[in-house]
Amino acid sequence: MSSFTQSAKEMFTTTTSSKKVDDLQRDIQEPVAGGGLTTDHGVKVSDTDNWLKVTDGHKSGPSLLEDQIAREKIHRFDHERIPERVVHARGAGAHGYFKVYDDRASKYTTAPVLTDSSRSTPVFMRFSTVQGSKGSADTVRDVRGFAIKFYTDEGNWDLVGNDIPVFFIQDAIKFPDFVHAVKPEPHNEVPQGQSAHNNFWDFVGLQPESAHMVMWVMSDRGIPRSFRMMQGFGVNTYTLLNSKGERHFVKFHFIPELGVHSFVWDEALKICGQDPDFHRKDLNEAIENGAYPKWTLAIQTLPESREHEFDFDILDATKIWPEELVPLQEIGELVLNRPVDEFFSETEQVAFCTSHVVPGIGFSDDPLLQGRNFSYFDTQISRLGINWEELPINRPVCPVLNHNRDGKSRHRIVKSEINYWPNRKDTGRPVAPADGGFVEYAQRVEGIKQRARGEKFQEHFNQAQLFYNSLRPHEQSHLISAISFELSHCEDPVVYKSYINVLNDIDFELAKTVAVNVNGDLPDKPGRPNHGQKSKSLSQTYYMPKEPTIVSRRIAILVADGFNAVEMQAVRAALTSAKAVCYIIGPRRNHIRPAAGQDFGQGVFADHHFEGQRSTLFDAIYIPSGEEHVKALAKNGRAVHWVREAFGHCKPIGAVGDGVNFLREVVRLPGVKLFAPSHGSNDEVVSSYGVVTTGQYSISSAATDVLKIGP
Ligand code: HDD
């Protein structure tokens, strides 16, 4: 693994401690090299390769059940697995911290985690896909989970969100139906980690409240370039309680420092096979290189008095609060700075509960959130057992004291003869609200007990239209391709034909285009008029970083024997100092000979050979000069494919001298302009931005960054 600089590494080892990291040290065991093997009961083991058996030295006889060492080994292995999460089974996690800028949120909440700028609250975050099982690929089209555990001094606060601000259903009681429909079909367990099948589209076609969310998932948001380049949303409407006892409704937003970027579909598809672990490796690589993922936390707040002001219900999780109506207020930042030490003990055993809030933060009557508050606690019991909150990764950093006892796999030992309240010793006494005891907001509730939702919950298409209208043309065209791909995978005409009706309620042109692509029935008039409104922050292009950056981007340097190593070293040094991560890709994983006359000993060592890694795994390519090397590249079909594929994915491609000629040779597309960015470099730098200007391809995430090469 390449590293940015030594100082970044040093920073990594010195600044990543926190109250939670220190707390975990109690349980971390670091085996020393050469340390002796023991059984679980601590007895030293002399032979771990041969089961105790009857043998005369020539032939093997029966194995003996009395061999406790063999039995322990097999028995432990047999029970290694725990149930995977019923959704979000595939995930990756990391440690970090959260800090507010100042006390600007204190007008809404008393929670110190959101108001006390002297604090750095430890966090553990887990990112995930929803549909696939634990071993599925990272880059499938899906929603991404964005779950955060804040280890506050007032207890754990779990914010269990997604990278998309709305949800498929309005009422938690529909969740089992939705999950059954999207997961592999029950008769053949196909497909894995994909929504491109009959049952999903059948369900969403009959459940129009999902129309808005379907638009988001079929947009580029469904195939993020990196966990580090996604927005995060609390999705549900929560509440904040201030010191005057006033309540505000709140939505939580996390905005990534690096901007919001996605793959193009062809890349995502290929990476599923080329590197199914791409996202989890990307997360660890960035943290280990000191490029700590960072998000700004912003809140949208509404006083109770404004609850009914809008044409949508603010408690409906299939709706956003458009920023034009309710602006974002930035209050703090979240940084991830430490990878996990052991995947199972941390990332697999971490358990989130939406019901875990701390004083100053509360729930709303959002019917999805209310059901979630029941479901998460319940599922942890089946996954981890009743004492799951005692597991190292889940235990709070503040004191825990109560009269809950026993149960399977109890870890804590409480030294007290008291396990009830009230008691003669005044142990484990309830805490007054003034001293930090949690108190529910005294909410007046009136109504008729019935199975129904609020009136405004019945409208499903306004915001689906708003989202679609707000996308840039290339984003709309990606979305059309995505829906067409998915419906093409539905074999039942009832399914793909009926979804055209839903699309026609969103946009007539959209419905017609998809209908032609997938053999749906062409609508002759719009299902309902498109209101034509837009919201500026719904296109992900809105979130480009203020300063273009190549921090943590993976850049492939394509070389063959005879390349200009002096020039390459200079360019690589410039890229590395801008904190990009460079890899040399050559005809073999070994030393590659530089141009004649350049003194590089055996040559420069290539990290991979052309077949070992593909262009899809990189954000940009640089081809140095060197006549002999360029001739060799041009003769190598895989090297040519490398460049053509990256070009087709609209990635920046830098080339110098003969490298430019090679580029001209291999990228012979009509209408493509090759040009040099105007940053004053004397080297000719060619980039695929030219393609973007022709309008033939849409811009991809990487192409929006400026690849600065040269002095
Ligand atoms: Fe959920 C896991 C996010 C609705 C029931 N959910 C889970 C995770 C995330 C979300 C990120 C993975 C947590 C982790 O990393 O361990 N879920 C959401 C969001 C929702 C949502 C943003 C809509 C606003 N979920 C939802 C509903 C229900 C559930 C309506 C049930 C009624 N979700 C679960 C679960 C999971 C879960 C079954 C599986 C594993 C777990 O909880 O810990 O309880």
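Preceding this section is the structure that the text describes.
Okay, so let's go over this structure. (Residues numbered from 1 in each chain as written. Predicted model: local features only at pLDDT ≥ 70, side-chain atom pairs only at ≥ 80, totals over all residues. Heavy atoms only, no water.)

So, the overall build of the protein chain
Scanning the protein chain from terminus to terminus reveals 20 helices and 19 strands. In terms of overall dimensions, the protein chain is globule-like: its C-alpha atoms have a radius of gyration of 28 Å, near the 27 Å expected for 711 residues. Summarising its shape, the C-alpha atoms of the protein chain cover approximately 90 × 85 × 55 Å along the three principal directions. By residue count, 53% of the 711 residues in the protein chain fall in the buried class. On the protein chain, roughly 32,800 Å² of surface is accessible, and the fraction owed to carbon and sulfur atoms is 52%. Positive and negative charge centroids in the protein chain, built from 78 and 91 side chains respectively, lie 1 Å apart. (Helix = DSSP H or I, 4+ residues; strand = E, 2+ residues; numbered from the N terminus. Rg over C-alpha atoms; globule rule 2.2 N^0.38 Å. Buried < 20%, exposed > 50% of the residue type's maximum accessible area, 1.4 Å probe, protein only. Areas by Shrake-Rupley, 256 points an atom, 1.4 Å probe, with all protein chains shown as cover. Lys, Arg positive; Asp, Glu negative; His and termini not counted. Charge placed at Lys NZ, Arg CZ, Asp CG, Glu CD.)

Some thoughts on the packing of aromatic side chains
Overall, the coordinates contain 26 aromatic pairs when judged by the stated rule. Ring geometry for Phe-377 and Trp-388: centres 5.6 Å apart, planes at 70°, overall edge-to-face. One end of the pair, Phe-377, is in helix H11 (residues 367-384); the other, Trp-388, is in the loop between H11 and helix H12 (462-470), with eleven residues separating them in the sequence. On the accessibility criterion, Trp-388 (1% relative accessible area) is buried. Clustering of aromatic rings is evident, with ring pairs tying together Phe-167, Phe-168, Phe-175, Phe-178, Phe-200, Trp-201, Phe-203 and Tyr-499. In this structure, Arg-141 is placed above the aromatic ring of Trp-265, and the distance from its NZ or CZ to the ring centre is 4.9 Å. Here the basic side chain of Lys-149 rests over the ring of Phe-352, its NZ or CZ set 5.3 Å away from the ring centre. (Phe/Tyr/Trp six-rings, centres within 6.5 Å; stacked < 30°, edge-to-face > 60°. Lys NZ or Arg CZ within 6 Å of the ring centre and 35° of its normal.)

Notes on the site of the ligand
Lining the immediate environment of the ligand, one finds 23 residues, of which Arg-85, Arg-126, Arg-372, Tyr-376 and Gln-380 sit closest. Between an oxygen atom of the ligand and a side-chain N or O atom of Arg-85, the distance comes to 2.7 Å. Between a nitrogen atom of the ligand and a side-chain N or O atom of His-88, the distance comes to 3.4 Å. Elements represented by at least two residues in the shell around the ligand include exactly strand S5 (144-152), strand S6 (155-162) and H11. Top contributing element to the shell around the ligand by residue count: H11, with six residues. Looking at side-chain class alone, the shell around the ligand contains twelve nonpolar, eight polar and three charged residues. (Near = heavy atom within 4 Å. Polar contact = N/O pair within 3.5 Å; in protein donor to acceptor, adjacent residues only side chain to side chain. Nonpolar A, V, L, I, M, F, W, Y, C, P; charged D, E, K, R; others polar.)

Topic: the nonpolar core
Phe-168, Trp-201, Met-215 and Leu-487 are the most contacted members of the largest nonpolar core, which totals 53 residues. Those elements that provide at least two residues to this core are helix H5 (175-182), helix H6 (198-206), helix H7 (211-218), H12, helix H13 (473-488), helix H14 (493-504) and helix H15 (508-518). Among the elements that make up this core, the one with the highest residue count is H7 (seven residues). If sequence neighbours within four positions are ignored, Met-215 has contacts with Ala-464, Phe-467, Tyr-468, Leu-479, Ile-483, Leu-503, Ile-506 and Leu-510. By size, the runner-up hydrophobic cluster in this structure holds 38 residues, among which are Phe-254, Leu-283, Leu-297 and Ile-299. (Core = buried A, V, L, I, M, F, W, Y, C linked by side-chain atoms within 4.5 Å. Contact = heavy atoms within 4.5 Å.)

Considerations on the pattern of salt bridges
Under the definition given, this model contains 44 salt bridges. As a salt-bridge pair, Lys-651 and Glu-267 come within 2.8 Å of each other at their nearest N and O atoms. A residue pair is termed long-range when its members are at least 10 positions apart, and Lys-651 in the loop between helix H18 (637-648) and strand S19 (653-655) and Glu-267 in helix H8 (residues 265-274) qualify at 384 residues. Like Glu-267, Lys-651 is buried. Across the salt bridge formed by Lys-497 and Asp-521, the nearest N and O atoms sit 3.3 Å from each other. Placement of Lys-497 in helix H14 and of Asp-521 in the loop between H15 and strand S13 (554-558) is noted, with a sequence separation of 24 residues between them. (Salt bridge = Lys/Arg side-chain N within 4 Å of Asp/Glu carboxyl O.)

Overview of unusual backbone geometry
For the bond from Val-190 to Pro-191, the omega torsion is -5°, close enough to zero to count as cis. Relative to the helices and strands, Pro-191 is located in the loop between H5 and H6. The omega torsion of the bond from Trp-421 to Pro-422 falls at 0°, within 30 degrees of zero and hence cis. One can find Pro-422 in the loop between H11 and H12. A positive phi is found at Asp-406, a non-glycine position, where the angle reads about 60°. As for its position among the elements, Asp-406 is in the loop between H11 and H12.

Observations regarding H18
With twelve residues, H18 extends 16 Å between its outermost C-alpha atoms, agreeing within 8% with the 16 Å of an ideal straight helix rising 1.5 Å per residue. When H18 is considered as a whole, its buried residues turn out to be Ala-639, Val-640, Trp-642, Val-643, Glu-645, Ala-646 and Phe-647. Where H18 begins, the side chain of Asn-636 points an oxygen toward the backbone nitrogen of Arg-638, at a separation of 2.9 Å. Downstream of H18 by one or two residues, Cys-650 has phi in the positive range, about 60°. (Expected span 1.5 Å × (residues − 1).)

Concerning the pairing of strand S2 (residues 60-63)
Sheet topology places strand S1 (residues 53-55) next to S2; two bridges connect them, and they run antiparallel. Counted as the bridge partner of Lys-53 is Ser-63 from S2. Remark: four residues form the turn of the hairpin made by S1 and S2, two consecutive strands paired antiparallel; Gly-57 in that turn has positive phi of roughly 95°. (Pairing = 2+ DSSP bridges.)

What to know about the packing of H7 against H12
At a closest axis distance of 7 Å, the pairing of H7 and H12 adopts a crossing angle of 20°. Relative to H12, the element H7 is oriented roughly parallel. Contacts between H7 and H12 pair Ala-211, His-212, Met-215 and Trp-216 from the former with Gln-463, Ala-464, Phe-467 and Tyr-468 from the latter. Looking at the contact of H7 with H12, its residues break down into six nonpolar, two polar and no charged. (Axes fitted to C-alpha atoms, helices over the stretch in contact; angles between N-to-C directions. Parallel < 35°, antiparallel > 145°, perpendicular 65-115°, else oblique.)

Topic: the sheet that holds S13
Each strand in a sheet pairs with its neighbour through backbone hydrogen bonds, running either in the same direction (parallel) or in the opposite one (antiparallel). Taken in spatial order, the five strands make up an open sheet running S17-S14-S13-S18-S19, and their pairing is parallel. Two strands lie at the open edges of the sheet, namely strand S17 (608-609) and S19, each paired on one side alone. Of the pairings in the sheet, the one linking strand S14 (residues 581-586) to S17 comprises two bridges and is parallel in character. For Gly-586, the partnering residue across the bridge sits in S17 and is His-609. Against the sheet, helix H16 (residues 565-577) engages S13, S14 and strand S18 (620-623), with an angle of about 150° to S14.

Brief notes about the packing of H12 against H13
One can describe the packing of H12 onto H13 by two numbers: an axis separation of 8 Å at closest approach and a directional angle of 120°. If you check the angle between H12 and H13, you find them oblique. Listed contacts from H13 to Phe-467, Tyr-468 and Asn-469 of H12 are Gln-476, Leu-479 and Ile-480. When grouped by side-chain class, the residues that make up the contact of H12 with H13 number four nonpolar, two polar and no charged.

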